[in-house]
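# A look at the structure
Now for the letters of each chain:
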Amino acid sequence: MAGTAAGVQVVWFRRDLRPADHAPLTVAAEAARAAGAGLLPLYVFDPDLWRRTDLAGRHWAFLREALVDLRRDLAALGQPLVLRTGPAVQVLAALHRSHGIAGLWAHADDGTPRTRDRDAAVAAWAAGEGIPWRVTTPGPAARAPLPVPDALPPVAGIEPGAIPETIDRVMGDRVPGWLPDTCPGRPAGGRRAGLAATTRFLERRLPRYLRDQAIPAVAGEAVSRLGPHLAWGTLSAGEVRAAAARRRDELRDLPEAITGGRPRALEVFGERLNLRAAALADPPADLPDGAAPLPDAGPLFEAWSRGETGWPIIDAAMKALARDGWLPFTLRALVIQVAVLHLELDPVGTGMVLARGLVDYEPAVHWRRLRDQTTGQPGGGMPRPGSPVRFSERHDPDGRFIRTHLPALARLPAAWLHAPWTAPAEVMAAAGITPGRDYPHPVADPAATLRAARLRLQITAVAAPADAATPPPPPRRGRRKPVDPRQLGFDF
């Protein structure tokens, strides 16, 4: 049978669900052809890995669509994607017994403790079996993307295996208390959706990119929304960077009256791709493993995570996250700073809530940015928490975002919308709102929590060793500067 005499080359797909710009696939296909053997593209669905607290059903729904696309694309090349369920070592051992594995190829995974432990177990197994196990890290940013291989030598006598429709049924049998996760507004998964989003951004959204990316009500229509496709690998950063470069070349000789702010938007977009690459290349050593359940931190944690704090911009953001699986970078920074610095909630627990909600969750990026926003950047200054009310007044002045996600406040005038606890009783009555019934009482006074947060940070900075290079934040005057875009993930 094809692929058995010399042993098959196995390409193990993880967060790289594409046929193009895929170094392991390219090299493995060449090795298989040279040996007259088959190439087996493999995805391992390991339910134990999906027990992680930082993953949810919305991630699987996006990933499943990517797997369907990938299977179709690889089938067109000669060998469809093979899916197997179980621990990776058991899956690979079974394939080795049935077909013989001559080589195992993969890209580096997300770097969490569980995936590191899994890879260590696979490496030990492969070494014991005498199977070369090659893990590829991302190449230089300037490298041209690799083309799709011309063909994949097929492996005879192997069933592709079904791709689970939903993870909820699978995990519900294994994890007590597993809750189904719906995300009606999440972006479509799959390579075709990613390519379409790239074209849409470069052809239509560039003029709005710098102007509207921080405005919650319209940011989703201004940014690229490529984050999930980069996080799960339906597109490579190299492909996206190359597409942006082609667009920049198209604009180079046009007059500024036509190009407008597009060249600068492309420059900023490229900077964010570079920032992401740097974060992935140097993941935090203390990434949470996601093994522990979300903390039972009491009513305050529940109010924040459910969007029931009584602070409208925070509640609207958490409702939007639940519905869409996405937030603009300004809101990502705001909701985590409110949770950790204002409300003094557990940073790992609140980070897990955001990780489960964000479809573009990448552990190395997410946890580094969370740390930067709550404890400060290494060698840099302390975080600078701001007022959620002032943020709301500045970035959602007419209340469009709040009204969209908090319909109970839809009739409240904008003058009172950002801090409804200050509205006179007659105003609330005229808007049809009974505080505590239609919309929660505030969990705290945000002005008081902000003062307390700043004081704690100042005490921490003063108590820090002299070589810690973490000076206390300077006095704040005037309007707040826009939030630094390097937050909790890159929504691009």
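For the structure itself, consult the block above.
Below is a short write-up of the structure. (Residues numbered from 1 in each chain as written. Predicted model: local features only at pLDDT ≥ 70, side-chain atom pairs only at ≥ 80, totals over all residues. Heavy atoms only, no water.)

This part covers the pairing of strand E1 (residues 8-13). Counting buried positions along E1 yields six of six residues, so the element is predominantly enclosed. Residues Val8, Val10 and Trp12 point to one face of E1 and Gln9, Val11 and Phe13 to the other, with burial holding for every one of them. Pairing of E1 with strand E2 (residues 39-45) involves five bridges; the strand directions are parallel. Paired with phenylalanine 13 across the two strands is tyrosine 43, which belongs to E2. (Buried < 20%, exposed > 50% of the residue type's maximum accessible area, 1.4 Å probe, protein only. Helix = DSSP H or I, 4+ residues; strand = E, 2+ residues; numbered from the N terminus. Pairing = 2+ DSSP bridges.)

With that out of the way, let us pick up empty space enclosed by the protein. Taken as a whole and assessed by the stated rule, the structure comprises three cavities of 30 Å³ or more. Quantified by volume, the largest cavity comes out at close to 240 Å³. Along the walls of the largest cavity sit 19 residues, with Tyr43, Leu49, Trp50, Asp109 and Arg118 positioned nearest its centre. Secondary structure elements with two or more residues in the lining of the largest cavity: E1, E2 and helix H4 (113-129). Looking at the lining of the largest cavity element by element, the count peaks at three residues for E2. (1 Å grid on protein atoms, 1.4 Å probe; cavity = no way out; pocket = protein on both sides within 12 Å on 5 of 7 lines; lining within 4 Å. Points joined across faces, edges and corners; volume = space filled by probe spheres on them.)

This part is about the side chain of aspartate 46. Mapped onto the elements of the fold, aspartate 46 is located in the loop between E2 and helix H2 (57-77). No salt bridge is formed by the buried aspartate 46, whose closest oppositely charged neighbour, arginine 118, lies at an N-O distance of 6.4 Å. There is a polar contact of 3.0 Å between the side chain of aspartate 46 and the backbone nitrogen of aspartate 48. Beyond its immediate stretch of four places on either side in the chain, aspartate 46 contacts Gly86, Pro87 and Ala88. (Lys, Arg positive; Asp, Glu negative; His and termini not counted. Salt bridge = Lys/Arg side-chain N within 4 Å of Asp/Glu carboxyl O. Polar contact = N/O pair within 3.5 Å; in protein donor to acceptor, adjacent residues only side chain to side chain. Contact = heavy atoms within 4.5 Å.)

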